[in-house]
Amino acid sequence: MFTLFKAICGGISWEEAVIPLSKTHAIAVPLFIVYICFAQMAVLNVITGFFCECAIESAQLDSDLVTQSILAQKKMYKEQINGIFATMDADGSGSITI
């Protein structure tokens, strides 16, 4: 089992694992190759895809938070400008004079 783990994680060359396997049984090497193909192509790609999807969703969430922050700042600035103009409109007519 440890040899299989090392084979898919890069801890051992596949050739180092195949040579002793070829001496045990004729079906051992094809089974090893099927295991490597399945582990590398299916399982590890699914795990990598999951982490990539999580990272993309996190980045999208960050973008949404930035957008919300900008909109909140815009609202605050608008309220401040309205307050300044309300202060300048001393008679309450809705217009200011210089």
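Residues numbered from 1 in each chain as written. Predicted model: local features only at pLDDT ≥ 70, side-chain atom pairs only at ≥ 80, totals over all residues. Heavy atoms only, no water.

1. Here's the deal with the nonpolar core
Core analysis: the biggest nonpolar cluster contains seven residues, these being Ala7, Ile8, Ile12, Ala17, Phe32, Ile36 and Ala39. The set of elements that each furnish at least two residues to this core consists of α1 (2-9) and α3 (28-88). A total of three residues in this core trace back to one element, the largest contributor, which is α3. Leaving out residues up to four positions away in the same chain, alanine 17 has contacts with Thr3 and Phe32. (Core = buried A, V, L, I, M, F, W, Y, C linked by side-chain atoms within 4.5 Å. Buried < 20%, exposed > 50% of the residue type's maximum accessible area, 1.4 Å probe, protein only. Helix = DSSP H or I, 4+ residues; strand = E, 2+ residues; numbered from the N terminus. Contact = heavy atoms within 4.5 Å.)

2. Focus on the packing of aromatic side chains
Enumeration according to the criterion identifies one aromatic pair in this entry. Centre to centre, the rings of phenylalanine 50 and phenylalanine 51 are 5.7 Å apart; their planes meet at 65°, and the pair counts as edge-to-face. Residue phenylalanine 51 is classed as exposed on the basis of its relative accessible area of 54%. (Phe/Tyr/Trp six-rings, centres within 6.5 Å; stacked < 30°, edge-to-face > 60°.)

3. Here's the deal with a nonpolar patch on the surface
A cluster of nonpolar side chains, Phe38, Val43, Leu44, Ile47, Phe50 and Phe51, forms an exposed patch at the surface whose accessible area comes to about 580 Å². Along the chain, phenylalanine 51 turns up in helix α3. (Patch = residues over 30% accessible without salt bridge, like charges linked within 9 Å, V, L, I, M, F, W, Y side chains within 5 Å. Areas by Shrake-Rupley, 256 points an atom, 1.4 Å probe, with all protein chains shown as cover. Salt bridge = Lys/Arg side-chain N within 4 Å of Asp/Glu carboxyl O.)

4. Description of the packing of helix α2 (residues 14-24) against α3
Closest axis-to-axis distance for the α2/α3 pair is 8 Å, and the angle between their directions is 145°. Between α2, through Trp14, Ala17, Val18, Leu21, Ser22 and Thr24, and α3, the contact on the second element is made entirely by Ala28, Val29, Phe32, Ile36 and Gln40. Split by residue class, the contact of α2 with α3 holds eight nonpolar, three polar and no charged. (Axes fitted to C-alpha atoms, helices over the stretch in contact; angles between N-to-C directions. Nonpolar A, V, L, I, M, F, W, Y, C, P; charged D, E, K, R; others polar.)

5. Some points on the environment of phenylalanine 32
For phenylalanine 32, the position within the fold is in helix α3. For phenylalanine 32, a relative accessible area of 5% translates into the label buried. Once the C-alpha coordinates of phenylalanine 32 and alanine 17 are considered, the two residues, 15 residues apart in sequence, prove to be 8.8 Å apart. With residues near it in sequence (within four places) discarded, phenylalanine 32 still touches Leu4, Ala7, Trp14, Ala17, Val18 and Leu21.

6. Some details on α3
Its 61 residues give α3 an end-to-end C-alpha distance of 89 Å, which sits within 8% of 90 Å, the value for a rise of 1.5 Å per residue. Along its length, α3 reaches its greatest deviation from straightness, about 30°, at alanine 39. The complete set of buried residues in α3 reads Ala28, Val29, Phe32, Ile36 and Ala39. Summarising the contacts, the buried residues of α3 are in contact with α1 and α2. (Expected span 1.5 Å × (residues − 1). Bend = angle between axes of the 7 residues up to and from the residue.)

7. A closer look at the side chain of aspartate 89
Tracing the backbone through its elements, the reader meets aspartate 89 in the segment after α3. For the buried aspartate 89, no salt bridge exists, and the shortest N-O distance to an oppositely charged side chain is 16 Å, to lysine 78. Polar side-chain contacts of aspartate 89 include one of 3.3 Å to the backbone nitrogen of serine 93. Discounting residues that sit within four places of it in the chain, aspartate 89 has contacts with Gly94, Ser95 and Ile96. (Lys, Arg positive; Asp, Glu negative; His and termini not counted. Polar contact = N/O pair within 3.5 Å; in protein donor to acceptor, adjacent residues only side chain to side chain.)

Purely geometric numbers; function is a separate question.
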